[in-house]
Amino acid sequence: LCHTAPPSPIDPSITNLRKEKSRNAARSRRGKENFEFFELAKMLPLPGAITSQLDKASVIRLTISYLHMRTFASQGDPPWSPLLEGDSNCNKVRRSSHSLATDMFEQHLGAHLLQSLDGFVFVVSQEGRFLYISETVSIYLGLSQVELTGSSVFDYIHPADHVEMAERLGIRPHLRAEAGCHTAPESASSSASTSSLAGTPEPAPSSPHSPADDPPDRGFFIRMKSTLTKRGLHVKSSGYKVIHVTGRIRCRPALVPGSTRSVRRPMGLVALAHTLPPSTLNEVRMESQMFVFRVNMDLQVTYCENR
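Residues numbered from 1 in each chain as written. Predicted model: local features only at pLDDT ≥ 70, side-chain atom pairs only at ≥ 80, totals over all residues. Heavy atoms only, no water.

A. Representation of the overall build of the protein chain. Counting its secondary structure elements, the protein chain contains eleven helices and seven strands. Counting across all 307 residues of the protein chain, residues that qualify as buried make up 31%. Taking the contacts inside the protein chain whose residues are at least 6 apart along the sequence as the reference set, 52% of them involve residues at least 24 apart. (Helix = DSSP H or I, 4+ residues; strand = E, 2+ residues; numbered from the N terminus. Buried < 20%, exposed > 50% of the residue type's maximum accessible area, 1.4 Å probe, protein only. Contact = heavy atoms within 4.5 Å.)

Take a look at the structure:
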């Protein structure tokens, strides 16, 4: 019979050394990963005060949206890139002939235009995601630009308006669930009952139409989430505001497979949104045969005009 000696116990100091090496390796990997995310965040077209506060998921979401937006701008018809409109040196010559004050104004021209608009601008992809939304959305809805960019538009509009938005974007019915569009009437009614603005009027439904036969111009009404009260104060529960959306479907030219014929493929919606103020008692026209009275929650009259 052969007898094998039992294995000698591992020295605790060796075990602690291995654990320490493993922790150091993990710490080094996290440090390198955080550095790469930090460098990626600095490349985003956002102020440093915002990018320094972003988590990793937000950095990835905003980066993907920014890359999609570059494709949206360059491949659409007409292209938005100024370098594609002529020689790359013509822009430099034109800029050098202007005064410093004019150059500074043109540098911030986009911000001036956004501040002068009575609303906010947004770009939604064909899949229903915000590729861009102006920072002025916080003035009208109380939502942040960073929060909305890259998110699904269906997460921020009333469930009863999902089909309306999907039709305007040209999303086919079998792809709407994947885009986040909910068509179940029970979900719409339950969400509507929990809205803090229960009296918000429902926009009139539009007739179904084929996006391929429609002109590119769009004009419709939807209800979007808002964290603002009438006085402009932030509240915890989100209500809805009626938004008038006017815009245009942006397309790109594409060749039909096996043919030289060119068609226009929709890429998404470029739109300007105006918020409609909710009606109040002060805006109701009082006729001579009307009078005002007030009741409490028990329907007891607490005030009535003398007439």
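B. Here's a closer look at helix 1 (residues 12-42). Helix length check: helix 1, at 31 residues, gives a terminal C-alpha distance of 45 Å against a target of 45 Å (1.5 Å per residue), a fit within 8%. Taken together, the buried positions of helix 1 are Ala26, Phe37 and Ala41. (Expected span 1.5 Å × (residues − 1).)

C. How the structure looks around the confidence of the model for the protein chain. Averaged over all residues, the pLDDT of the protein chain is 77; the fraction at 70 or higher stands at 72%. Counting contacts from residues 83-95, a segment whose pLDDT is below 50, to residues more than four positions away or on other chains yields eight contacts. pLDDT under 50 marks residues 186-212. Its contacts with residues more than four places away, or in other chains, come to 36 contacts. (pLDDT = per-residue confidence, 0-100.)

D. The arrangement of the nonpolar core in detail. Phe120, Phe122, Phe130, Met165, Met224 and Leu269 are the most contacted members of the largest nonpolar core, which totals 29 residues. Secondary-structure elements contributing two or more residues to this core are strand 1 (120-125), strand 2 (130-133), helix 7 (137-140), helix 9 (162-169), strand 3 (217-228), strand 4 (234-255) and strand 5 (262-275). Broken down by element, this core gets its largest block of residues, four residues, from strand 4. Leave out the neighbours within four places in its chain, and Met165 touches Val153, Phe154, Ile157, Phe220, Ile222 and Leu269. Phe37, Leu54, Leu62 and Val146 belong to the second largest nonpolar core, which has seven residues in total. (Core = buried A, V, L, I, M, F, W, Y, C linked by side-chain atoms within 4.5 Å.)

E. Representation of the pairing of strand 7 (residues 301-304). Where strand 6 (residues 293-295) lies against strand 7, three bridges are found, and the strand directions are antiparallel. Residue pairing across strands places Val295 opposite Val301, the latter belonging to strand 7. Here strand 6 hands over to strand 7 after five residues, with Leu299 in that stretch at a positive phi of 65°. (Pairing = 2+ DSSP bridges.)

F. A look at the environment of Phe291. Turning to its location among the elements, Phe291 is positioned in the loop between strand 5 and strand 6. It is 8.6 Å that separates the C-alpha atoms of Phe291 and Asn306, two residues lying 15 residues apart in sequence. Apart from the residues lying within four places of it in its own chain, the contact partners of Phe291 are Met286, Cys304, Glu305 and Arg307.

G. Examining the layout of surface pockets more closely. Counted as a void, the largest pocket has a volume near 940 Å³. The wall of the largest pocket is formed by 25 residues, among which Pro45, Tyr66, Met69, Tyr132 and Gln145 lie closest to the centre. Within the residue set of the lining of the largest pocket, elements represented by two or more residues are helix 3 (56-75), helix 6 (109-116), strand 2 and helix 8 (145-148). Of all the elements, helix 3 adds the most residues to the lining of the largest pocket, at six residues. (1 Å grid on protein atoms, 1.4 Å probe; cavity = no way out; pocket = protein on both sides within 12 Å on 5 of 7 lines; lining within 4 Å. Points joined across faces, edges and corners; volume = space filled by probe spheres on them.)

H. Structural context of the environment of Ile133. In this fold, Ile133 is placed in strand 2. For Ile133 and Val123, which are ten residues apart along the polypeptide, the C-alpha to C-alpha distance reads 6.3 Å.

I. View of the side chain of Gln145. Looking at where Gln145 falls in the secondary structure, it is placed in helix 8. A polar contact of 2.9 Å, which involves the side chain of Gln145, links it to the backbone oxygen of Ile133. Not counting residues up to four positions away in its chain, the partners in contact with Gln145 are Leu46, Tyr132, Ile133, Ser134, Glu135 and Val137. (Polar contact = N/O pair within 3.5 Å; in protein donor to acceptor, adjacent residues only side chain to side chain.)

J. The arrangement of a positive patch on the surface in detail. Residues Arg172, Arg252, Arg261 and Arg265 make up a contiguous surface patch of positive charge. Mapped onto the secondary structure, Arg261 falls in the loop between strand 4 and strand 5. (Patch = residues over 30% accessible without salt bridge, like charges linked within 9 Å, V, L, I, M, F, W, Y side chains within 5 Å. Areas by Shrake-Rupley, 256 points an atom, 1.4 Å probe, with all protein chains shown as cover. Salt bridge = Lys/Arg side-chain N within 4 Å of Asp/Glu carboxyl O. Lys, Arg positive; Asp, Glu negative; His and termini not counted. Charge placed at Lys NZ, Arg CZ, Asp CG, Glu CD.)

K. Up close: unusual backbone geometry. Here the residue pair Asp77 and Pro78 is connected by a cis peptide bond, since its omega of 0° sits within 30 degrees of zero. Turning to its location among the elements, Pro78 is positioned in the loop between helix 3 and helix 4 (88-96). Phi is positive for Leu299, which is not a glycine, with a value near 65°.

L. Just the packing of helix 1 against helix 3, in detail. Here helix 1 crosses helix 3 at 40°, and the two axes come no closer than 10 Å. With respect to helix 3, the element helix 1 is oriented oblique. Between helix 1 and helix 3 lies a crossing whose hand is left-handed. Counted together, Glu33, Asn34, Phe37, Leu40 and Ala41 of helix 1 and Lys56, Val59, Ile60 and Thr63 of helix 3 form the full contact between these two elements. (Axes fitted to C-alpha atoms, helices over the stretch in contact; angles between N-to-C directions. Parallel < 35°, antiparallel > 145°, perpendicular 65-115°, else oblique. Left-handed = near helix turned anticlockwise from the far one by under 90°.)

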